[in-house]
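Observations on chain architecture
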Amino acid sequence: MSQVEKKAGLLRRTSSSKKPLKEKVVLMYDEIFAKEDPAKNNPRFWDELFLMKVNLEYLESKLESVDGEDVQRIQDNINSLFHHCVQALGEEHQIKVVNALQTLCALFRGVHQKNKSASGFDIINMLMGFDKAEQRMKDLMERLDSLLCGDSSESLKSLCLKLMYNNYNLICFQNTILEYVMINSIFEAILQILSDVSSRGQHGYDAVVLLALLVNYRKYESVNPYIVKLSIVDDEPTLDGMGMVVHQALTEYNRQYKDKEEENQGGFFSTLTSMVGSMFIADADEKLSVQTNEAILLALYEAVHLNRNFITVLAQSHPEIDIAVTPTTTTPTTPTTPLGTTPPSLDMMNNPELPLDPNLQTSNLLITFLKYASIVMQDTKDEHRLNSARLCLIILTCIAEDQYADAFLHDDNMNFRVSLHRMPMRHRKKAVDKNIPSRPLVCAVLDLMVEFIVTHMMKDFPMDLYLRCVQIIHKLLCYQKKCRIRLHYTWRELWSALINLLKFLLSNETTLLAKHNIFHLALLVVNLFNMFITYGDTFLPTSNSYDELYYEIVRMHQVFDNLYCMVLRVSTNTGQWKEAASKVTHALVNVRAIINHFNPKIESYAAVNHISQLSEEQVRSISLNVRKNVSLNTLSQDVLLKEFSTIS
């Protein structure tokens, strides 16, 4: 049967002299779209309708084709169809319930298409009538809640969620419908799905995404009951279930990305790039930058942001395994699904407890998220990927602001090997992950921030991402300073990245100032150095760390000198950035004091010993001798005390 015949509900081809035969359900749809009440001559009309297989395409097309005058003519019949669909959801006959749910899906989609093509078209009045809308929606939500919480089949529960989940974007344009969803909450039904292992395996992904969407409905305009309820959830199985769904969805994306990466490294393309060098690396990476899963990221953000109890879920350890892929046959009618947008396999969802192997690396939701973030933050060239990276940094900001999360991040007794993805670049070789040390998780967070700083200094500068990145580093340092945690980390890589960032801002001053306030970012970077200089004795691991810090500052003094000249020039002239540049001028007091104090000593040593260029060891030896005779308190701390007055 051709597609046209199927859509029209034709049973078979007929000769031109005979009328084409139609399915009975199509004939019944035609009766609904007629002026007369379809149940007038057939009292059992509605019972019979829901016993027949739904023809979604025909019903949707009929709704879409209705013109303005016909809307008024058939409105009562459409209202009656909606009402009987809701009533059928309470039937014991499973076929009736399934057909009623599918009919409701078709109604929502059909009126959505109609709404796009007709101005002044009111969905509420068309579907259920103004006078009965509140009761109809109340009945609908109660029926859906009952089906989700009851002993219904898994297929029915799936249809209920998809009625809400798939039609969320369709009904968003008609705020009134979602207002009824807010009043008649299905929050408890969603939590029940997440807390039950079996239900979570079947419907966990849809439930989490639906919850994230409902939480974001008019969240800044009015009181959203889903926000309030999510913020006070303290049931451990429910929170663990939510974390399990998010973790498995991110793990599935990471695995698929790794598979595509390995696939691209082999074959003819790999041979070609090895022959001509790394000039095509960027193009190769473009193929891996596929669609990400913002829905799951949004769910993770809302859980971390709203519910402090969820922070504990981030830290729960379990074996790190790859999700086995079950071979499936792809049907030609199904479009290719973008990487990472499909829910994880049911095997993983149904097996939260896995056998422990002493040789198996442990993982947790936070590690999986960091790996995911290292992938999506590689490429921010288009708006979609930029927003995904932004959401990752917002989540990391929430984590860095939480005291419990900070305690776990810095726990020296909880060490993990975190293999972050690094962007291929011409000036560095691809990192080998075989000898990754086992360290506190905060090291992986700092590695991710350093990686972002180093790899995104480009013409289309993502200023807001850099601001968030530097602020995350600042929050982590504040915690280390407050708790006097001496983290054994390669701080030199961070200092070098920050100095190179300042160098980039200076080199592109004119271009960047046309779009951004570069002085705000420069101020944050300089204040990070101020924090190391003034409070480093509370969190730097050894005195040698101070030597390395001073060496980096003195070695790259030209960058700080140029920055000072630039901000002094801008701050002494009238203009838009006068005040912002003035703040940077004052913030550079400590750095310039170090440079002005050590540079003459180093130059004098070089002159006396007739050395044109000093080695790192010689410079560090000089700085050590000087520091023994100079107290850090001689350096101005006025700026620091002002900038970090909130640090307790």
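All figures in this text were calculated on a predicted structure; none of them were measured in a lab.

Conventions adopted
Residues numbered from 1 in each chain as written. Predicted model: local features only at pLDDT ≥ 70, side-chain atom pairs only at ≥ 80, totals over all residues. Heavy atoms only, no water. Helix = DSSP H or I, 4+ residues; strand = E, 2+ residues; numbered from the N terminus. Buried < 20%, exposed > 50% of the residue type's maximum accessible area, 1.4 Å probe, protein only. Contact = heavy atoms within 4.5 Å. Areas by Shrake-Rupley, 256 points an atom, 1.4 Å probe, with all protein chains shown as cover. Axes fitted to C-alpha atoms, helices over the stretch in contact; angles between N-to-C directions. Parallel < 35°, antiparallel > 145°, perpendicular 65-115°, else oblique. Left-handed = near helix turned anticlockwise from the far one by under 90°. Nonpolar A, V, L, I, M, F, W, Y, C, P; charged D, E, K, R; others polar. Salt bridge = Lys/Arg side-chain N within 4 Å of Asp/Glu carboxyl O. Expected span 1.5 Å × (residues − 1). Polar contact = N/O pair within 3.5 Å; in protein donor to acceptor, adjacent residues only side chain to side chain. Phe/Tyr/Trp six-rings, centres within 6.5 Å; stacked < 30°, edge-to-face > 60°. Lys NZ or Arg CZ within 6 Å of the ring centre and 35° of its normal. pLDDT = per-residue confidence, 0-100.

Examining the overall build of the chain
What the chain contains, in helices and strands, is 34 helices and four strands. Put simply, the chain has 648 residues, and 51% of those count as buried. Looking at the chain alone, contacts between residues at least 24 apart form 77% of all its contacts between residues at least 6 apart. Accessible surface, the chain as shown: approximately 31,400 Å² in total, 51% of it carbon and sulfur.

Let's talk about the packing of helix α24 (residues 441-455) against helix α25 (residues 463-483)
Two numbers describe how α24 lies on α25: the axes approach to 10 Å, and their chain directions differ by 150°. One way to sum up the angle between α24 and α25 is to call them roughly antiparallel. For α24 against α25, the interelement crossing comes out left-handed. Together, Val442, Val445, Leu446, Met449, Phe452 and Ile453 of α24 and Leu465, Tyr466, Cys469, Ile472, Ile473, Leu476 and Gln480 of α25 make up the contact between the two elements. Along the lines of polarity and charge, the residues of the contact of α24 with α25 split into 12 nonpolar, one polar and no charged.

Side note on the pattern of salt bridges
Close approach of charged atoms allows side chains with opposite charge to pair. Counted according to the given criterion, the structure contains 22 salt bridges. For the salt bridge of arginine 439 with aspartate 447, the shortest nitrogen-to-oxygen distance reads 2.4 Å. Put simply, Arg44, Asp47 and Lys96 are held in one network by salt bridges that share partners.

Quick notes on helix α21 (residues 365-376)
For α21, spanning 12 residues, the distance from its first C-alpha to its last is 16 Å, which sits close to the expected 16 Å at 1.5 Å a residue. Counted residue by residue, α21 has 12 buried out of 12 residues, so it is predominantly covered. Among all positions of α21, only Leu365, Leu366, Ile367, Thr368, Phe369, Leu370, Lys371, Tyr372, Ala373, Ser374, Ile375 and Val376 are buried. The opening residue of α21, the one whose side-chain oxygen lies 3.1 Å from the backbone nitrogen of leucine 366, is asparagine 364.

Some details on the packing of helix α8 (residues 133-149) against helix α12 (residues 187-195)
Between α8 and α12, the least distance of the axes is 9 Å, while the angle of their chain directions is 15°. Classified by the interaxial angle, the pair formed by α8 and α12 is roughly parallel. The way α8 lies across α12 gives a crossing that is left-handed. Only Ala189, Gln192 and Ile193 of α12 make contact with α8, whose side of the interface consists of Asp145, Leu148 and Cys149.

Things to note about unusual backbone geometry
In the Ramachandran plot, arginine 218 falls in the positive-phi region, its phi being about 45° despite a non-glycine side chain. Along the polypeptide, arginine 218 turns up in the loop between α13 (197-215) and α14 (225-231). Its relative accessible area of 27% is what places arginine 218 among the partly exposed residues.

Things to note about the packing of aromatic side chains
Evaluated as defined, the whole model comprises 17 aromatic pairs. With 6.3 Å between their ring centres and 55° between their planes, phenylalanine 408 and phenylalanine 416 make a pair best called tilted. On the basis of an interplanar angle of 90° and a centroid distance of 5.4 Å, the ring pair of tryptophan 495 and phenylalanine 532 is categorised as edge-to-face. Taken together, the residues tryptophan 495 in helix α26 (residues 491-507) and phenylalanine 532 in helix α28 (residues 518-535) connect sequence positions 37 residues apart. The exposure class assigned to tryptophan 495 is buried, which follows from its relative accessible area of 0%. For phenylalanine 532, a relative accessible area of 0% corresponds to the buried category. Clustering of aromatic rings is evident, with ring pairs tying together Tyr489, Trp491, Trp495, Phe532 and Phe539. Seen from the ring of tyrosine 535, lysine 481 lies directly overhead, with NZ or CZ sitting 4.9 Å from the centre.

Thoughts on the environment of aspartate 67
When you line up the elements, aspartate 67 lands in the loop between α4 (56-65) and α5 (68-88). Along the chain, aspartate 67 and lysine 114 lie 47 residues apart, while their C-alpha atoms are 8.9 Å from each other.

Thoughts on the side chain of asparagine 77
Summarising the element assignment, asparagine 77 is placed in helix α5. Among the polar contacts listed, one links the side chain of asparagine 77 to the backbone oxygen of glutamate 36, at a separation of 3.0 Å. Setting aside residues no more than four positions away along its own chain, asparagine 77 makes contact with Glu31, Ile32, Ala34, Lys35, Glu36, Asp37, Pro38 and Trp46.

Concerning helix α18 (residues 294-306)
Over its 13 residues, α18 extends 18 Å from the first C-alpha to the last, a length consistent with the 18 Å expected when each residue adds 1.5 Å. When α18 is considered as a whole, its buried residues turn out to be Ile296, Leu297, Ala299, Leu300, Tyr301, Glu302, Ala303, Val304 and Leu306.

Some words on the environment of valine 111
Its location among the elements puts valine 111 in helix α6 (residues 94-117). For valine 111, a relative accessible area of 2% corresponds to the buried category.

Focus on the environment of glutamine 576
Along the polypeptide, glutamine 576 turns up in the loop between α30 (557-571) and α31 (578-587). The exposed category is assigned to glutamine 576, whose relative accessible area is 65%. Sequence separation between glutamine 576 and asparagine 517 is 59 residues, and the spatial gap between their C-alpha atoms is 9.6 Å.

Notes on the confidence of the model for the chain
When pLDDT is averaged along the chain, the result is 80, and 74% of the positions lie at 70 or above. Of all the helices and strands in the chain, helix α34 (residues 638-643) carries the lowest mean pLDDT, 43, while α25 carries the highest, 96. When the criterion is pLDDT under 50, residues 322-340 qualifies, and its contacts beyond four places in sequence or with other chains add up to 22 contacts. Scored below 50 in pLDDT, residues 630-648 shows 35 contacts in the model against residues more than four places distant or in partner chains.

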